Every structure is written in structure tokens, then in C-alpha cells.
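# Summary of structural features
Here's the letter readout for the chains.
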Amino acid sequence: MPDINMKHSVNNLKGKKDIYTLILMNKIIKNKYNILLFIIFIIYSITWSYITIMRYYSLNAYIYDLGLYQQELWLVYNTHWSFISFLWNLLFRGTMFIFFPISFFNSYPLTLTFQTVLLAIAIFPIYGIGRHFLKSNLAALIISSSYLIYFPLAGVNWFDVHNQAFFIPLFLFAYYFYLNRKYKLSLVFFIFSGITKYPFLIFVELFSVISFAEVFYKRIKLKDYNNKDFYFLLYLIIISSILLTLSYLIINVYSSFNITSFTHANFNVPTYNNIDNKIFTILLAFGPFLTFILFSKKWILFFIPYIYLVFTSNFWAYIFPSAFHYQYSVLFIPFIYIATIEGISNILNIELKDKFLNNILFKNFEKLIIKKERKMAIAIFLVVFLLAIVYEPYGPLNQYSQANFNMKYILNPNMTRYENLEKIISLVPKNDPYVLIQNNLPEILPRIQVNNGPLLVPPFTISNNLSYMSNNGKWESARIDYILADVENPNFNYILNSPYNMSMYDIVNKLYKTGEYGLVAEASGIVLLERNYTGPMQYYYPMDMNYSAEQLAVTGSAQRANG
């Protein structure tokens, strides 16, 4: 005879399972936008990590700035800091004191992935800010998704790794926490965003002053304000002002740098030079959002520094087509998305007042508004998507653009060359800081530096008389024990303007002719020279290449014969 109680228990268990399944499905449906957001975040992180790592393996990553960043992280725990030098580094690139543990792994691919993930994670505060102002999960998802295909972000991720890249997620999280009244978290994120790079504290100061003025106005005139907002913004003004003043004093008292140096500005060239490219740069960057930005008046002020630099500095990396291959887009990216979201919200609020005055039922209008904000979000996404087809590295039309990323070459690295480079680097003693390094070979770093002085990287730190600028602002003769060069890379012949007017080729040729340097290794076009070395080559990998007759250039009296 069957056990009735047992059957009842089994039925109850099945019933509970069904209930749990329904609850789980209900949660998934409610959180479908969060799940989609996470999937988009993962896809971007994997795709861009792959792109940046392949660029590294193809020997097209640079000491300035990937190697320099890895070196700075390593120096955090390999340097005896004086108070002034610690304060200097904290105020001018403070995030390296937070992220330095990644250097323990001594892995460039990990560092590249780390930056990609942090840039991608900014999609979450953008989504949160969108939900706060637009009251629509779908509109917020569409706008935040456009951030990851917004082509100026590609340059930030493409050109190696930089402290200022982290300004984007840090500032966006800071503002998101401020909107949600999480003041302690907001304060921490605002301060860290400001010390990612000098003088980014100006943006934190500007935000705190403008927002405080708004709250103060509501307090005096409208009697409608949040008391906690008032005191939070007051504290933020005080703290950011103190840090900004300290930065200014240190840079003027203890260094030869100034704000012009930090922004690569060049004000000696007439402003109207390349005026067409300058206008095109601004139109490309702001075009997809321009209509909405104009309805968010306070955030317009945040774009002035970038626009000013583009039109006055004449620095080539601020101007199309180079502008979107470098990291300088961090100066406007976070503000564009905040301004766009608030601009849409302001447009809808204006329409809400107009319709209300015309006695339109609020319920019907609410449905209309939801449709409008979705349409606006879709319009933004489509414009960003169309531009991505041309200006993103993976865009199908990018290879035909002036801003070509040359992805076919980047995504097919010669791993034999990379492995040969690693073997050659192993021949250079880690404790010898006197190494002349070509800019596309960051793999040799990190390593010790003399008095925390500059790395010897032509043409950036070596002058035409083989000297470098020391920390005290004086030119000193460079001691060079080893020379590491990649003769097949364009950086071997790259020349910068005066006073750094010698290429790696010039320096290697000059030093080798002295007879003081011997060839230690040669493989795949990569050579290692050592001062006073007279022995046989320690590592050699012969070059084996085949050319057809059609590939050879026929010049002078030469002629092709028998194919």
C-alpha cells in the first residue's frame, strides 16, 4: 500500500520547485536590462582585451606610455619615497598607488586587460544615471550601450595604458553615487578621479562649485534644497581646492613642468592652422549628442578645456585624424554622457510643462514621453553606430579612413619575433639601468632607474649630443651599457623635433662607429649591443625571407631577367 504522506510530501516539493522557478524567472525578467548590460560589458571587455594584447604581441605597443605606466607601478614598491616625491606622485598620478598590485604579476597583457575592464565598467554608472533622469530602463540601456562603441573611447583603449584613462569610470561613479545620496563613496571617487592626472582636479572643483551654487540658490530663493547636498558640496569644494592649491605649489616650486607641459600645448603656431581639421574634430566628437548637450547648460562648461586645446595648442594629437587614436578624449567623454542624459531629461520636462498647460491628461502624456525618450536614445545609438563603422578599429570601413588603425597587421602578430625578443631581453641584466631602448619595446621594463631618472628612449629623452634632462632640470651626459633596437619597426627611424632630433638609427649608427659596442644578439630584425663586448653572439636567429621578382624595386641600370 503506497505511503500517502510520502506522496503528499513529493507533491509539496514539486510545488515549491515550481514556485522557486517562477520567482527566479520573475527576477530574470525584472533584471533583464541588468543582464543585457552585463553581457554587453563582457563582450566589449573580451573584444578589446584581445585587440590590445595582439597589438602588444605585434611589437606595436610603446614605452611611452605602456612601458612607462608599468614602470611607474613597479616603482611604487621599489622606491624609497621622500615626503615631497610621494606627495608629487599622489597629486599628479595618484591612481598608481591604488592599482600598483597588478605589477606584481609582471604581465603586460594583464595590465592591458585591466584598463579595458575599467573603461568598460563605466557603462554601469552611465546606465544608473540614465535610469535616474529618464525613468526608463530601456532608454538608459541604449544610451549606455552606445558608450562602448563611441569611437573616441577607442583611442583611450588603443594607445596603451594611462593613468588619466581611469578618470572616466571614477568620475561617472562619483556622480552616480552623488545622485543616489551615497556621499562618502561619492567623495572618495571624486577625489580619486581628480588625482588620476594633473590638472583633472579642475573638473572636480568646477562640478562642486556649480552644483553648490545651484543648491545655494534653491536654499535662498526657493527654500527647496537638500541639506546634505549643501554640506557635501561644501566639503568637496574645500578638499578639492586644497589639493589643487598643493598641486599648483608643487609644480611651480619643485619641478620644471607647468600646465603647458602636461597638456602638450604649443601656442607658438597660429590658431587658424589646420582650422578645417580642428572644426571637423569637434563636430565628430560632439555631433551625435550636440542637440541634447545644449539643453544641459552647466555641463557645457566642462567641454571648454578640450575645445580650447584643440583650437589653440596646435598639438597634432588633438586634431583629426590622430585625435581619436590617443587618450585625450578622456577630457570630454564622461561629461558628454552626463550632459546628454540630463539634456534629454530637460527637453522632456519642458514638453511636460507645455502639455500640462494645454490640459493634456498626464497619463497619456507619460506614455508619449516614454516613447520620445526611447526614440532619442535610439537616434543617439544609431549615429554613434554609423560613425563606429568608419572610425572604430573593427569598423568594416575603417581601413579606408584617414583614421585607419591598420587592424589586419595588428591582429596577425609574428609570434616568432616576439619570442626572439623575449630571449634577447633575457640577456640584459635586470640590475643594469643604463639601457638605450627603442620606443616600441616596452617588454624590457620594468627595471631599476638611476635616481628615479628618465628612461633612455630615443627620440623622447635623448638629445643630439647624447644627453638627457635630469630631475634637477640640467642636461647630463647619458651612460649607455646596452642598446636594444628593432630595425624593422618605423620607430627605428622616427625623429622628433628639436631638441630631441636624433632617431634610434642615428644614435645606434653613431655609437657603433666608435668601436666601443659589440653585437650580443640578433634575431628577426631585433639587435642587442653591449659596450666593450668582444665575444661571439650569444643568440642568433637567421632571417629567412623570400621575394618574387615583382616585389623587387628595379632602379638605375638594373633589370629583371628570367623572372
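Details of the structure are given in the entry above.
The notes below deal with the structure included here. (Residues numbered from 1 in each chain as written. Predicted model: local features only at pLDDT ≥ 70, side-chain atom pairs only at ≥ 80, totals over all residues. Heavy atoms only, no water.)

## Some thoughts on the nonpolar core
Across soluble globular proteins, nonpolar side chains have a tendency to be buried as a group. Stated formally: Among the buried residues, those of types Ala, Val, Leu, Ile, Met, Phe, Trp, Tyr and Cys that are joined through side-chain atoms within 4.5 Å form a nonpolar core. When accessible area is computed with a 1.4 Å probe and restricted to protein chains, residues below 20% of their type maximum are described as buried, those above 50% as exposed, and intermediate ones as partly exposed. Numbering of helices and strands runs from the N terminus, with a helix taken as a DSSP run of H or I at least four residues long and a strand as a DSSP run of E at least two residues long. In what follows, a contact means two residues having at least one pair of non-hydrogen atoms within 4.5 Å.
Ranked by size, the top nonpolar core spans 110 residues in total, and within it Y147 and F207 carry the most contacts. It is helix α19 (residues 333–357) that provides the largest number of residues to this core, a total of 10 residues. When residues no more than four places from it in sequence are discounted, the contact partners of Y147 are L119, A120, A122, I123, I126, L153, I168, I333 and Y337. With 43 residues, the next largest nonpolar core counts F99, I424, L445 and V520 among its residues.

## As for the pattern of salt bridges
Here is the rule: Salt bridge, as used here: a side-chain nitrogen of Lys or Arg that lies within 4 Å of a carboxyl oxygen of Asp or Glu.
Applying the stated criterion across every chain, the model contains 8 salt bridges. Note that R417 is salt-bridged to D486, the shortest N-O span being 2.6 Å. Of this pair, R417 sits in helix α22 (residues 415–425) while D486 sits in strand β4 (residues 482–486), placing them 69 residues apart in sequence. Grouping residues by exposure puts R417 and D486 together as buried. R531 is the partner of D481 in a salt bridge, and the nearest nitrogen-oxygen pair spans 2.8 Å. Placement of D481 in the loop between β3 (475–477) and β4 and of R531 in strand β6 (residues 526–531) is noted, with a sequence separation of 50 residues between them. Overall, the relative accessible area of 7% leaves D481 in the buried class. For R531, a relative accessible area of 29% puts it in the partly exposed group. Each of R417, D486 and E488 takes part in salt bridges that share partners, so that together they form one network.

## Re the sheet that holds strand β1 (residues 435–437)
Inclusion rule: Think of it this way: DSSP has to see at least two bridges between two strands before they count as a pair. Between N-to-C directions, angles span 0 to 180 degrees; the directions come from axes that are lines fitted to C-alpha atoms, helices contributing only their stretch in contact.
Read from one edge of the open sheet, 5 strands run β1-β4-β6-β5-β7, paired in mixed fashion. Both outer strands of the open sheet, β1 and β7 (539–541), are each paired with one neighbouring strand and no more. Ignoring strand direction, the axes of neighbouring strands in this sheet form an average angle of 25 degrees. Its contacts with the sheet place α22 against β4, β5 (517–523), β6 and β7, and it is angled at close to 165 degrees to β7. The strands touched by helix α23 (residues 504–513) within the sheet are β1, β4, β5 and β6, with β4 carrying the most contacts at an inclination of about 135 degrees.

## Looking at the pairing of β5
Across the 7 residues that make up β5, a large majority, 5, are buried. Pairing between β5 and β6: 6 bridges, direction antiparallel. Pairing of A523 across the sheet is with I526, part of β6. Where β5 hands over to β6, the hairpin turn is made up of 2 residues, of which S524 adopts a positive phi near 55 degrees. Of the pairings in the sheet, the one linking β5 to β7 comprises 3 bridges and is parallel in character. Its bridge partner being in β7, A521 is matched across the sheet by Y539.

Nothing here speaks to function; it is all geometry.
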